[in-house]
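# Breakdown of the fold
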Amino acid sequence: MSFLSEEDRRRIAIAVRKAEQRTAGEFVTVIARRADTYLVIPILIAAAVALALPGVLWLFNLAHGFAELYALQLGAFIVLALLLSWQRVAVGLVPDRVKTERVTRRAREQFLMRGLHRTRDRAGVLLFVAVAEHRVELIADEGINARVPPGTWDAVVAGFTAAVREGRIADGFTTAIESVADILAAHFPRAAADVNELPDRLVELD
């Protein structure tokens, strides 16, 4: 991904390794270009404009004959659909509530796909970034949630989100990983026989 350098990836992997040397928690980092394609709203807008176009053209006597009218209608739909489906435009058309839901859903899917619910101590932590939406999800497994008070991650997520919005994605990851490790070290200290159960590298998704 163009917004992350090889040095950024290396820094994030090192931060994960250092964190896992202090706690039995297992960290997985995931970054997605976007959480969804958000094509429904752009297509609906393009269709609505294309459907309304014949009436407007007829009202102002700007089209003559079925073939011309149909060509203009079809052309309007295609052009609008392509323009509105451009990622930045499409994401901007979507309500914040919908974007939050899609990011949360994609993060939960990754939590399960990466096996964070199968760690020995149920101490898996997912740090997920959706770049287009400028949103962050931090999901901890049930073993952690049973010991950590509600709201513990709020400040971590807030700082992480601010860094992502400023374009400092690698800084956001490393700082969040260190902060989570500080908290987990008190509840899940690393045992002498602890093994690394999950990969340390950053997972990158389109």
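Let us look at the structure shown here. (Residues numbered from 1 in each chain as written. Predicted model: local features only at pLDDT ≥ 70, side-chain atom pairs only at ≥ 80, totals over all residues. Heavy atoms only, no water.)

### So, the sheet that holds strand β3 (residues 135–140)
Pairing is mixed in the open sheet, where four strands are placed in the order β3-β2-β1-β4. Because the sheet does not close on itself, it has two edges, and the strands there are β3 and β4 (203–205). Averaged over all pairs of adjacent strands, the angle between their axes in this sheet comes to 15 degrees, without regard to strand direction. Where strand β2 (residues 124–130) meets β3, six bridges bridge the pair, whose relative direction is antiparallel. Its bridge partner lying in β3, valine 125 is registered against alanine 140. Contacts from helix α1 (residues 6–20) reach β1 (26–32) and β4 within the one sheet, and its direction differs from that of β1 by about 160 degrees. Where helix α8 (residues 169–187) meets the sheet, its contacts fall on β1, β2 and β3, and the angle it forms with β1 comes to roughly 155 degrees. (Pairing = 2+ DSSP bridges. Helix = DSSP H or I, 4+ residues; strand = E, 2+ residues; numbered from the N terminus. Axes fitted to C-alpha atoms, helices over the stretch in contact; angles between N-to-C directions. Contact = heavy atoms within 4.5 Å.)

### A short note on the pattern of salt bridges
Scanning the entire structure with this criterion turns up 17 salt bridges. Here arginine 9 and glutamate 6 are joined by a salt bridge, their closest N and O atoms 3.5 Å apart. Here the residue arginine 9 and the residue glutamate 6 both occupy positions in helix α1, the gap between them amounting to three residues, near one helical turn. Taking the shortest distance from any N to any O, the salt bridge between aspartate 96 and arginine 135 comes out at 3.7 Å. Note that aspartate 96 is positioned in helix α5 (residues 96–113) and arginine 135 in strand β3, a separation of 39 residues in sequence. Among the residues examined, aspartate 96 registers a relative accessible area of 48% and is labelled partly exposed. (Salt bridge = Lys/Arg side-chain N within 4 Å of Asp/Glu carboxyl O. Buried < 20%, exposed > 50% of the residue type's maximum accessible area, 1.4 Å probe, protein only.)

### Here's the deal with the packing of helix α2 (residues 40–59) against helix α3 (residues 66–84)
At their nearest, the axes of α2 and α3 sit 8 Å apart, and the two run at 155 degrees to each other. Here α2 lies roughly antiparallel to α3, going by the angle between them. By crossing handedness, the relation of α2 to α3 is classed as right-handed. Residues Pro42, Ile43, Ile45, Ala46, Ala47, Val49, Ala50, Leu51, Leu53, Pro54 and Leu57 of α2 pack against Leu69, Leu72, Gln73, Ala76, Phe77, Leu80, Ala81 and Leu84 of α3. Of the residues that constitute the contact of α2 with α3, the class distribution is 18 nonpolar, one polar and no charged. (Parallel < 35°, antiparallel > 145°, perpendicular 65-115°, else oblique. Left-handed = near helix turned anticlockwise from the far one by under 90°. Nonpolar A, V, L, I, M, F, W, Y, C, P; charged D, E, K, R; others polar.)

### Comments concerning a nonpolar patch on the surface
A cluster of nonpolar residues, Val56, Trp58, Leu59, Phe60 and Leu62, forms a patch on the protein surface that exposes about 630 Å² of accessible area. Within the fold, valine 56 resides in helix α2. (Patch = residues over 30% accessible without salt bridge, like charges linked within 9 Å, V, L, I, M, F, W, Y side chains within 5 Å. Areas by Shrake-Rupley, 256 points an atom, 1.4 Å probe, with all protein chains shown as cover.)

### Points about the pairing of β1
The element β1 is largely enclosed, with a buried count of seven among its seven residues. Along β1, one buried face is formed by Glu26, Val28, Val30 and Ala32 and the opposite face, lined by Phe27, Thr29 and Ile31, is buried too. Alignment of β1 against β2, held across seven bridges, turns out to be parallel. Opposite threonine 29, over in β2, you have leucine 127 as the bridge partner.

### Digging into the side chain of glutamate 133
Tracing the backbone shows glutamate 133 in the loop between β2 and β3. With no salt bridge to any partner, buried glutamate 133 finds its closest opposite charge in arginine 135, at an N-O distance of 6.9 Å. A polar side-chain atom of glutamate 133 sits 2.6 Å from a polar atom in the side chain of tyrosine 38. In this view, glutamate 133 contacts Arg34, Ala35, Asp36, Tyr38, Lys99 and Val103; residues no more than four positions away in its chain are not counted. (Lys, Arg positive; Asp, Glu negative; His and termini not counted. Polar contact = N/O pair within 3.5 Å; in protein donor to acceptor, adjacent residues only side chain to side chain.)

### Notes on α1
An ideal rise of 1.5 Å per residue puts 21 Å on 15 residues; α1 measures up with 21 Å between its terminal C-alpha atoms. Asp8, Arg9, Ile12, Ala13, Ala15, Val16, Ala19 and Glu20 are the residues of α1 that are buried. Axial view of α1: buried residues confined to an arc of 155 degrees, hence all on one face. Of the residues in α1, the exposed ones pointing more than 90 degrees away from the buried face are Glu6 and Lys18. (Expected span 1.5 Å × (residues − 1). Arc of directions from axis to C-beta.)

### Considerations on the nonpolar core
By size, the foremost hydrophobic cluster in this structure holds 32 residues, and its most contacted members are Phe27, Ile144 and Phe173. Those elements that place two or more of their residues in this core are α1, β1, β2, β3, α7 (154–165) and α8. It is α8 that provides the largest number of residues to this core, a total of eight residues. Discounting residues that sit within four places of it in the chain, phenylalanine 27 has contacts with Val16, Ala19, Glu20, Val125, Leu127, Ile177, Val180, Ala181, Leu184 and Pro199. Core analysis: the second largest hydrophobic core is formed by 21 residues, Phe111, Leu116, Ala132 and Leu198 among them. (Core = buried A, V, L, I, M, F, W, Y, C linked by side-chain atoms within 4.5 Å.)

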